[in-house]
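A structural walkthrough
Next come the chains, spelled out residue by residue.
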Amino acid sequence: MTIDPQLRNLNIDLPACPGTLVKLSLLMADENCAIDPLATLIETDMALASAVVRTVNSALFGLLKRVETVHEAVRYLGMSQVAGLTYEIGLRGAFPPSPSLQSIWDRAGVRGLAMGRIARQLDVDPWQAHTSGLFAESGRAVLYAHDRERYVALEQQSSDEAQLCASEVETFGVSHSALGAALCQSWGLSREVTDSVRARTNSPGQWTQERPTVQKLLAIGHAVDQLLLNPATTGDPEAVWADMEPLAHQVGLHFQAFQLATMRVCERLNVNERHT
């Protein structure tokens with residue numbers, strides 16, 4: 001995959017896709033792929049296998065009965081959700097562990113899980129939704145790894161995403177949304193995922209420039225961010241939905257179905273989080 005020359009000129013290295021994820025992508029591309037080959041692939045990586053089972057048994061999933069094997073975990077969650085979880089673990093492993101990155105990965109896990117579950121109820125590809133949620137802020141991780149001290153200073157000086165992106169371009173010559181899209185492209189993710197990561201920091205008025213599927217992914221991600229991850233708005237869902245209604249119509253989502261699916265998923269995740 002060709003990476004933007006800007007990134008090469010800045011000497012910002014994009015982490016290579018872990019080998020297991022390359023094999024996973026090939027399996028997911030096969031429409032006739034069964035669950036057993038996916039579980040077998042995950043079982044070949046001890047760290048990945050244990051992480052999948054441990055995550056499925058966490059309070060976030062709210063299971064009444066613990067699963068004990070990878071095959072059980074895969075059968076319970078389904079292929080697309082397990083694949084998303086595998087990508088999350090691979091994404092974490094691609095960057096050196098750091099307290100500064102932990103909040104990014106925590107948000108990514110919740111965002112990806114929520115977006116995938118909501119998309120499944122709206123006839124939007126849950127694999128694309130889950131993955132776009134995981135990679136939404138991955139460009140921040142790249143900039144942390146490139147120059148942590150300067151990037152932390154930029155974050156502290158920025159009041160919102162738009163200001164942060166402008167500061168990133170001024171300081172590094174590229175925004176974290178463009179870097180995240182480049183990472184998606186380099187890992188061979190779909191064009192829909194790549195475009196949704198690139199356009200995530202654009203204003204909703206600019207979403208109309210994107211293809212219909214990307215617009216839906218942007219709307220789902222925006223709702224999840226506002227209802228689950230943004231402290232300034234999570235306490236006022238009525239205001240969030242007042243803003244989201246025209247956006248839902250704009251991107252071609254049935255508003256009532258979108259609202260119901262999103263509220264159900266967010267409420268479930270909030271309840272499970274409180275019991276963690």
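Check the entry above for the structure.
Conventions used here
- Residues numbered from 1 in each chain as written.
- Predicted model: local features only at pLDDT ≥ 70, side-chain atom pairs only at ≥ 80, totals over all residues.
- Heavy atoms only, no water.
- Helix = DSSP H or I, 4+ residues; strand = E, 2+ residues; numbered from the N terminus.
- Rg over C-alpha atoms; globule rule 2.2 N^0.38 Å.
- Buried < 20%, exposed > 50% of the residue type's maximum accessible area, 1.4 Å probe, protein only.
- Contact = heavy atoms within 4.5 Å.
- Axes fitted to C-alpha atoms, helices over the stretch in contact; angles between N-to-C directions.
- Parallel < 35°, antiparallel > 145°, perpendicular 65-115°, else oblique.
- Left-handed = near helix turned anticlockwise from the far one by under 90°.
- Nonpolar A, V, L, I, M, F, W, Y, C, P; charged D, E, K, R; others polar.
- Core = buried A, V, L, I, M, F, W, Y, C linked by side-chain atoms within 4.5 Å.
- Expected span 1.5 Å × (residues − 1).
- Phe/Tyr/Trp six-rings, centres within 6.5 Å; stacked < 30°, edge-to-face > 60°.

**Re the overall build of the protein**
Along the protein, the regular secondary structure elements total 15 helices and zero strands. By the compact-globule yardstick of 19 Å for 276 residues, the protein fits well, its C-alpha radius of gyration being 18 Å. The C-alpha extent of the protein, read off along each of the three principal axes, is 50 × 45 × 35 Å. Relative to its full complement of 276 residues, the protein shows a buried share of 50%. Taking the contacts inside the protein whose residues are at least 6 apart along the sequence as the reference set, 63% of them involve residues at least 24 apart.

**Remarks on the packing of helix α2 (residues 19-28) against helix α6 (residues 79-93)**
At a minimum axis distance of 11 Å, the contact between α2 and α6 shows a crossing angle of 160°. Judged on the interaxial angle alone, α6 and α2 are roughly antiparallel. The way α2 lies across α6 gives a crossing that is left-handed. Taken together, the residues of α6 that come into contact with α2 (itself represented by L21, L24, S25 and M28) are M79, S80, A83, T86, Y87 and G90. Its residues placed into classes, the contact of α2 with α6 shows six nonpolar, four polar and no charged.

**Quick notes on the nonpolar core**
Ranked by internal contacts, the top residues of the largest apolar core, which has 83 residues, are I42, Y87, F135, W187, I220 and F258. Those residues in contact with I220 that sit more than four places away from it in its chain are M115, I118, A119, L122, V124, L253 and F258.

**Comments concerning the environment of P204**
Tracing the sequence through the fold places P204 in the loop between α12 (191-199) and α13 (212-229). Counting along the chain gives 46 residues from P204 to Q250, while the straight-line C-alpha distance between them is 9.2 Å. Each residue touching P204, except ones within four places of it in the same chain, is listed here: L247 and Q250.

**Describing α13**
End to end, α13 covers 25 Å across 18 residues, agreeing with the expected 26 Å (1.5 Å per residue, within 8%). Burial runs high along α13: 13 of the 18 residues are buried.

**Comments concerning the packing of aromatic side chains**
Both the distance between ring centres and the angle between the ring planes are used here to describe each pair of aromatic rings. With the rule as written, the count across this model stands at nine aromatic pairs. Seen in terms of ring centroids, Y87 and F135 are 6.1 Å apart; in terms of plane orientation they differ by 65°. Their pairing is edge-to-face. Here Y87, found in helix α6, pairs with F135, found in helix α8 (residues 126-135); they are 48 residues apart in sequence, far enough to count as distant. The burial state of Y87 is the same as that of F135; both residues are buried. Ring centres of W241 and F255 lie 5.8 Å apart, and the angle between their planes is 70°; this geometry places the pair in the edge-to-face category. Here W241, found in helix α14 (residues 237-251), pairs with F255, found in helix α15 (residues 255-274); they are 14 residues apart in sequence, far enough to count as distant. Like W241, the residue F255 is buried in the burial classification. By way of ring pairs, the aromatic residues Y87, W127, F135 and W187 are connected into one cluster.

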